[in-house]
Amino acid sequence: MRARMRMLLCLAAYLCLSNAQTNNASNDNRQQQQQQQQQQQQQRSIWDEPIRFSTKTKDSCTMVVSGAGDYTRLRVSCKGQSQGQTAGRSYYCDFQGKPNLCRAYNLNPRHYFTQMMWDMRKLSHACQGPKIYRPQMCKKYPDEAQMTFLAAWPKTTTPKPSRPVQEPRKPVVPAQTKPVTTPKPVKPQQQPVKPQPGKGPQTKKTTPKPGKTTTRPTDQAESKASRMASEYCWKSFHGVCTYFISWFQN
C-alpha cells in the first residue's frame, strides 16, 4: 500500500510540473505575439498614416515612410499657400537610411520620424535642412543608422558665398627719377714741355735785312710781345701769349 501511495504522489507531482511548464511556455508565446502585434501596428501607423506638419513659412508638408530592401525611405512633400491667382510652390525631397540599426527606433519608430519633423518645421523650406538628420533617440549611432538626404525636386541649390567686391586698384605711378647727368669729358691738359737740362729756351734770332725800313709802332709792339712770349711761355703757347701781351701793351 505504501508503495502504491508513493507512485501516485510521484505521478501527481510530474503532472503538476508539466502543466506548469506548458503554462509558462504558452504565456511566453502570448507575450511574443503581443510584442509582434504591437510592432506591426506601429509599422502600419508609419506606413499608412503620414506625419503632417507646417514649416516656418506655413508650407503644408507630409512625411511618408516606405521600405526599399534593407533601407527605409522617407519622402517629405510640401505645398505653399496660394497668393491670389498664383498657386503656391510645391516641392519634395527623399531621405534614405537604416534606422532599424538603432534599438530605440525598433521600440518606437514613429517617434524617430516625429523628432525629424520637429527639426523640419523650424525651416522656411523643409528640403533645405541638414543632409543627415540625427534624432535625439538615435543620435549616438553612426551615419548608416541615420536618414541621409537622397534627392529633391526641384533641385535645391545652396547659394555660394558672395565674394567681397574688390576696389579697382589705382595705377602705380613710378617715382620720378632725376635725369642722370653724364659728366662732360674733361679735355686733357697739355703738359708743358720740360726744357732739357743745360739748354735754355731757344729763341729765334731775327737778322735785320739790309736797307732802310720804317717800322710801325704796332710792328714794334708785336715783336716785343713775341720776345717776351718766347722767354716766359712754352713754345706751344707762344701765339696766345703774344696776343695777350700785345693787347696789354696797346
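Structural notes, computed from the coordinates.

Calculation criteria
- Residues numbered from 1 in each chain as written.
- Predicted model: local features only at pLDDT ≥ 70, side-chain atom pairs only at ≥ 80, totals over all residues.
- Heavy atoms only, no water.
- Phe/Tyr/Trp six-rings, centres within 6.5 Å; stacked < 30°, edge-to-face > 60°.
- Buried < 20%, exposed > 50% of the residue type's maximum accessible area, 1.4 Å probe, protein only.
- Lys NZ or Arg CZ within 6 Å of the ring centre and 35° of its normal.
- Pairing = 2+ DSSP bridges.
- Helix = DSSP H or I, 4+ residues; strand = E, 2+ residues; numbered from the N terminus.
- Contact = heavy atoms within 4.5 Å.
- Axes fitted to C-alpha atoms, helices over the stretch in contact; angles between N-to-C directions.
- Core = buried A, V, L, I, M, F, W, Y, C linked by side-chain atoms within 4.5 Å.
- Salt bridge = Lys/Arg side-chain N within 4 Å of Asp/Glu carboxyl O.
- Expected span 1.5 Å × (residues − 1).
- Arc of directions from axis to C-beta.
- Disulfide = S-S within 2.5 Å.

Thoughts on the packing of aromatic side chains
Right, so step 1: Inspection of the entire model under this criterion finds seven aromatic pairs.
Right, so step 2: Arranged with centres 5.3 Å apart and planes meeting at 85°, the rings of Tyr-105 and Tyr-112 form a pair that is edge-to-face. In terms of burial, Tyr-105 and Tyr-112 fall into one category: buried.
Right, so step 3: For the ring pair Tyr-243 and Phe-244, a centre distance of 5.6 Å and an interplane angle of 80° mean the geometry is edge-to-face.
Right, so step 4: According to the relative accessible area criterion, Tyr-243 is exposed, its value standing at 54%.
Right, so step 5: Relative accessible area serves as the criterion here: at 45%, Phe-244 is assigned to the partly exposed category.
Right, so step 6: Joined through ring pairs, the aromatic side chains of Phe-95, Tyr-133 and Phe-149 make up one cluster.
Right, so step 7: Over the face of the ring belonging to Tyr-92 we find Arg-75, whose NZ or CZ atom lies 4.1 Å from the ring centre.
Right, so step 8: Over the aromatic face of Tyr-71 sits the side chain of Lys-98, whose NZ or CZ is 4.9 Å from the ring centroid.

Digging into the sheet that holds strand S6 (residues 147–153)
Right, so step 1: The strand order across the open sheet built from six strands is S1-S2-S3-S4-S6-S5, with neighbouring strands paired in antiparallel fashion. Edge positions in the open sheet fall to strand S1 (51–54) and strand S5 (132–133), since each of these has one partner strand only.
Right, so step 2: Where strand S3 (residues 71–79) and strand S4 (residues 90–97) come together, eight bridges link them in antiparallel fashion. Looking across to S4, one finds that Arg-73 is bridged to Gln-96.
Right, so step 3: Contacting S1, strand S2 (60–68), S3, S4, S5 and S6, helix H3 (residues 109–120) crosses the sheet at an angle of about 15° to S1.

Description of the nonpolar core
Right, so step 1: Grouped together as the largest cluster of nonpolar side chains are 24 residues, with contacts concentrated most on Phe-53, Met-63, Leu-74, Val-76, Phe-95, Phe-113 and Met-116.
Right, so step 2: Contributing elements (two or more residues each) for this core: S1, S2, S3, S4, H3 and S6.
Right, so step 3: What Phe-53 contacts, discounting residues up to four positions off in sequence, is Asp-59, Ser-60, Cys-61, Met-63, Val-76, Met-117, Met-120, Arg-121 and Ala-126.

Focus on the side chain of Lys-98
Right, so step 1: Tracing the backbone through its elements, the reader meets Lys-98 in the loop between S4 and helix H2 (103–107).
Right, so step 2: Using a relative accessible area of 17% as the deciding quantity, one classes Lys-98 as buried.
Right, so step 3: Leave out the neighbours within four places in its chain, and Lys-98 touches Asp-70, Tyr-71, Glu-144, Ala-145 and Gln-146.

Here we look at the pattern of salt bridges
Right, so step 1: Per the counting criterion, the structure on display carries four salt bridges.
Right, so step 2: Across the salt bridge formed by Asp-94 and Arg-75, the nearest N and O atoms sit 2.7 Å from each other. One end of the pair, Asp-94, is in strand S4; the other, Arg-75, is in strand S3, and 19 residues separate them in sequence.
Right, so step 3: Accessibility expressed as a relative area gives 14% for Asp-94, which makes it buried.
Right, so step 4: Owing to a relative accessible area of 36%, Arg-75 belongs among the partly exposed residues under this scheme.
Right, so step 5: The residue Arg-134 makes a salt bridge to Asp-143 at a minimum N-O spacing of 1.9 Å.

Observations regarding helix H5 (residues 238–249)
Right, so step 1: Under the 1.5 Å per step criterion, the end-to-end length of H5 is 16 Å for 12 residues, consistent within 8% with the ideal 16 Å.
Right, so step 2: Among all positions of H5, only Cys-241, Thr-242, Ile-245 and Ser-246 are buried. Take H5 and look down its axis: the buried residues cluster within an arc of 125°, on one side only. Turned more than 90 degrees away from the buried face of H5, the exposed residues are Gly-239, Tyr-243, Trp-247 and Phe-248.

A few points about the state of the cysteines
Right, so step 1: Taken as a whole and judged by the stated rule, the model has three disulfides.
Right, so step 2: Each sulfur in the disulfide pair Cys-93 and Cys-127 lies 2.2 Å from the other. With the S-S bond torsion at -85°, the cross-link from Cys-93 to Cys-127 turns out left-handed. Highlighted residues: Cys-93 in strand S4 and Cys-127 in the loop between H3 and S5, separated in sequence by 34 residues. Summarising the burial analysis for this pair, Cys-93 and Cys-127 share the class buried.
Right, so step 3: The disulfide partner of Cys-102 is Cys-138, and the S-S distance across this bridge is 1.9 Å. The S-S bond linking Cys-102 to Cys-138 shows a torsion near -90°; that makes this disulfide left-handed. Highlighted residues: Cys-102 in the loop between S4 and H2 and Cys-138 in the loop between S5 and S6, separated in sequence by 36 residues.
Right, so step 4: Classification of Cys-102 as buried rests on a relative accessible area of 0%.
Right, so step 5: In this structure Cys-138 comes out as buried when scored by relative accessible area, which is 0%.

Any link to function would need more than the numbers given here.
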